[in-house]
Amino acid sequence: MANTVTVRKRKSQKHGFTYEYRFEIASVAGKRRWISKGGFTTEKDAVRAGVRAQNEYENGGRIIIPSELSFSDFLDYWIENDCKLTLKETTLLNYHKKLKNHIKPALGIYRLRTIDKDCLQGFLQKLHDNGYSRNTILTIKGILTKCFSFAVDRRLLFSSPAVGLKVPKGEMTAIPTRSNPRTYLSISDIEKIFTRFPEGTSSYIPLVVGYHCGMRLSETFALTWENIDFEHRTIRIERQIQWHQNDRSKEEKERHNGKSQPGAGYWYFSSPKYNSVRTIDMDETLAVTLEREYARQLRAEEYFGERYIRYYENANHVIVKTPNENRIMFVCVRENGEYYNSRNMQYTSQIIHQQLNIPGFDYHSLRHTHATMLLDAGAPLKYIQYRLGHKNIDITLNVYQHFTESSRIQGNERLNGMFLDT
């Protein structure tokens with residue numbers, strides 16, 4: 001850490017008194033050395049010039065003037081010179097979203113040097129008061145902490161204003177939380193869904209896996225048959241699948257009406273959220289269902305022959321059709337082997353909304369329902385946390401304890417059995 005710039009008063013025959021700044025630099029041959037300059041008419045001028053000179057010295061001769069740098073421009077610099085080098089693509093996309101929707105609109109216009117801890121704490125408090133979830137605020141707090149640490153590391157700031165920020169909690173907000181409400185699917189809902197999408201349809205397998213396993217959307221569509229252990233009735237969840245959108249020109253987007261076209265992007269494997277690699281048990285109904293599906297796919301490949309669509313994973317974990325030694329056999333495919341991906345589930349969800357009158361449904365509804373059913377059945381919380389791949393048990397408690405009618409009945413039975421007649 002560089003020494004503080006010091007200023008001292010010097011006598012001057014011409015001006016009476018002038019001021020000189022001084023700061024220590026690297027020693028040479030064990031001897032201490034300083035840089036100093038005098039002749040300033042005010043102490044303030046000497047301090048300002050000394051800080052500027054020290055900043056230039058500490059940055060190898062590059063002149064950096066943080067007072068002229070907006071926070072928005074700094075964030076762009078941070079993304080390019082730090083985040084793109086260290087973060088997974090999915091995390092980077094999430095950062096971009098938080099910067100665009102929250103941080104830049106609220107703080108981007110200010111100069112980097114003017115942002116202090118009170119400003120940042122007030123920003124987090126406002127997010128809380130506007131009903132944003134604790135997880136959203138935690139993510140934003142983490143981004144602020146990292147970017148200001150980078151500013152200190154690059155000598156743009158002497159200290160970080162984000163140290164010791166607190167996430168507001170324990171206070172009721174005037175605005176309901178902005179978190180999407182999770183839809184619990186009743187038995188009647190489940191029956192309607194699987195009547196509309198029975199076994200043999202392309203949507204059936206991802207729906208039944210989500211219902212029976214509570215897996216995340218990206219985890220379900222990353223499943224290959226290598227992950228299914230029929231002998232031990234287990235599923236190995238070790239990857240998720242993500243879509244990389246290639247940059248396209250405005251003209252190209254307009255030409256294709258904003259839709260993805262061949263060559264506009266690609267699917268690739270990455271580690272699951274929170275690196276939650278895990279092996280979960282299959283119930284017997286799901287195991288038998290998947291055995292039938294695996295046998296069906298083998299018959300279909302034999303029937304279609306060269307017309308059957310096959311997929312491979314390259315060295316960068318990208319999904320390609322060019323043959324190599326690393327063939328992958330997705331669990332979720334159409335009859336001809338074509339990959340049935342998470343984007344196709346958007347159409348399935350629309351049908352469930354409009355035709356089956358379950359407006360709140362999304363794929364996460366299956367995960368939420370699975371967790372709630374386990375809770376109702378008395379499964380231990382640690383078991384549910386592991387099965388769903390939660391980072392900590394607080395997420396299991398806060399997100400998935402859905403109050404169902406069976407919960408109320410069980411609670412009343414225990415309540416009535418707690419007390420003796422008096």
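Note that the coordinates shown come from a computational prediction; the quantities given were computed from them, not determined experimentally.

Draft legend 1. Local environment of the overall build of the protein. The secondary structure content of the protein amounts to 15 helices and 11 strands. Contacts spanning at least 24 positions in sequence make up 64% of the contacts within the protein whose residues lie at least 6 apart. Split by element, the accessible area of the protein, about 25,000 Å² in all, is 50% carbon and sulfur.

Draft legend 2. Main features of the nonpolar core. With 49 residues, the main nonpolar core has I193, V209, I235, I241, L290 and F330 as its most contacted residues. Of all elements in the fold, only helix 6 (187-196), helix 7 (204-213), strand 5 (234-237), strand 7 (265-270), helix 10 (284-304), helix 11 (344-354) and helix 12 (363-376) reach the threshold of two or more residues within this core. Top contributing element to this core by residue count: helix 7, with 7 residues. In contact with V209, not counting residues within four places along its chain, are G214, M215, T220, L223, L286, L290 and Y363. Ranked by size, the runner-up nonpolar core spans 30 residues in total, among them F71, L112, F123 and F150.

Draft legend 3. Fine view of the packing of aromatic side chains. Following the criterion strictly, the structure yields 23 aromatic pairs and no others. Considering the side-chain rings of W243 and W267, the 5.1 Å spacing of their centres and the 65 degrees angle between planes classify their relative orientation as edge-to-face. A residue pair is termed long-range when its members are at least 10 positions apart, and W243 in strand 6 (residues 240-245) and W267 in strand 7 qualify at 24 residues. One aromatic cluster is present, built from ring pairs that chain together W243, W267, F269, Y311, F330 and Y339. Of note, R22 hangs over the ring of W34, and the distance from its end group to the ring centre comes to 4.1 Å. Over the aromatic face of F269 sits the side chain of R239, whose NZ or CZ is 3.6 Å from the ring centroid.

Draft legend 4. Highlighting the sheet that holds strand 10 (residues 319-320). Taken in spatial order, the 3 strands line up as 10-9-11 in an open sheet, and their pairing is antiparallel. Across the chains shown, the open sheet's two edge strands, defined by having one partner strand only, are strand 10 and strand 11 (327-328). Bridge analysis of strand 9 (residues 311-313) against strand 11 gives 2 bridges, and the strand direction is antiparallel. Bridge pairing in strand 11 links Y312 to R327.

Draft legend 5. Main features of the sheet that holds strand 3 (residues 31-40). One open sheet holds the 3 strands; their spatial order is 1-2-3, and the pairing between them is antiparallel. With partners counted over all chains shown, the strands left at the sheet margins are strand 1 (6-12) and strand 3, one partner each. Averaged over all adjacent pairs, the angle separating strand axes in this sheet is 35 degrees, with direction ignored. Here strand 1 runs beside strand 2 (residues 16-28); their pairing, made up of 7 bridges, is antiparallel. Residue pairing in the sheet places R8 in a bridge with E20 of strand 2.

Draft legend 6. Structural view of the pattern of salt bridges. Evaluated as defined, the whole model comprises 17 salt bridges. In this structure, R48 and D45 form a salt bridge, with 3.2 Å as the shortest nitrogen-oxygen distance. Taken together, the positions of R48 and D45, both in helix 1 (residues 43-58) and 3 residues apart, correspond to about one turn of that helix. Looking at R48, the relative accessible area reads 40%, which means it is partly exposed. Owing to a relative accessible area of 29%, D45 belongs among the partly exposed residues under this scheme. Where salt bridges share partners, they join R8, R10 and E20 into one cluster.

Draft legend 7. Representation of the state of the cysteines. Evaluation of the coordinates by the stated rule reveals 0 disulfides. You can see C83 has no disulfide; the closest cysteine sulfur is in C147, sitting 8.5 Å from it. On the basis of relative accessibility, which here comes to 1%, the residue C83 falls in the buried class. Note on C147: relative accessible area 0%, which makes it buried.

Draft legend 8. Region of interest: the environment of H368. Within the secondary structure, H368 sits in helix 12. Look at H368 and you get buried, because its relative accessible area is 2%. Along the chain, H368 and L388 lie 20 residues apart, while their C-alpha atoms are 9.8 Å from each other.

Draft legend 9. Structural detail: the side chain of T348. Topologically, T348 is positioned in helix 11. Within polar-contact distance, the side chain of T348 engages the side chain of Y340 at 3.1 Å. Ignoring any residue separated from it by four or fewer positions in sequence, one finds T348 in contact with F197, S203, L207 and Y340.

Draft legend 10. Up close: helix 1. Its 16 residues place the ends of helix 1 22 Å apart at the C-alpha level, agreeing with the 22 Å of an ideal helix rising 1.5 Å per residue. Residues A46, A49, G50, A53, Q54 and N55 constitute the buried set of helix 1. Contacts made by the buried residues of helix 1 are with strand 1, strand 2 and strand 3.

Draft legend 11. Structural detail: the packing of helix 12 against helix 13 (residues 381-388). Axis separation between helix 12 and helix 13 bottoms out at 10 Å; the angle between their running directions is 160 degrees. Classed by the angle they form, the pair helix 12 and helix 13 counts as roughly antiparallel. Judged by the sense of rotation from one axis to the other, the crossing of helix 12 with helix 13 is right-handed. Along the contact surface, helix 12 presents R367, H370, A371, L374 and L375, while helix 13 presents L381, Y383, I384, R387 and L388. The class makeup of the residues in the contact of helix 12 with helix 13 is 7 nonpolar, 1 polar and 2 charged.

Draft legend 12. The arrangement of helix 11 in detail. What helix 11 keeps buried is the set M345, T348, S349, I351 and I352. The arc that holds every buried residue of helix 11, seen down its axis, measures 160 degrees, which confines them to one face. Facing away from the buried side of helix 11, by more than 90 degrees, are the exposed residues Q346, Y347 and Q354. As for helix 11, its buried residues are in contact with helix 6, helix 7, helix 8 (217-220) and helix 12.

About the thresholds
Residues numbered from 1 in each chain as written. Predicted model: local features only at pLDDT ≥ 70, side-chain atom pairs only at ≥ 80, totals over all residues. Heavy atoms only, no water. Helix = DSSP H or I, 4+ residues; strand = E, 2+ residues; numbered from the N terminus. Contact = heavy atoms within 4.5 Å. Areas by Shrake-Rupley, 256 points an atom, 1.4 Å probe, with all protein chains shown as cover. Core = buried A, V, L, I, M, F, W, Y, C linked by side-chain atoms within 4.5 Å. Buried < 20%, exposed > 50% of the residue type's maximum accessible area, 1.4 Å probe, protein only. Phe/Tyr/Trp six-rings, centres within 6.5 Å; stacked < 30°, edge-to-face > 60°. Lys NZ or Arg CZ within 6 Å of the ring centre and 35° of its normal. Pairing = 2+ DSSP bridges. Axes fitted to C-alpha atoms, helices over the stretch in contact; angles between N-to-C directions. Salt bridge = Lys/Arg side-chain N within 4 Å of Asp/Glu carboxyl O. Disulfide = S-S within 2.5 Å. Polar contact = N/O pair within 3.5 Å; in protein donor to acceptor, adjacent residues only side chain to side chain. Expected span 1.5 Å × (residues − 1). Parallel < 35°, antiparallel > 145°, perpendicular 65-115°, else oblique. Left-handed = near helix turned anticlockwise from the far one by under 90°. Nonpolar A, V, L, I, M, F, W, Y, C, P; charged D, E, K, R; others polar. Arc of directions from axis to C-beta.

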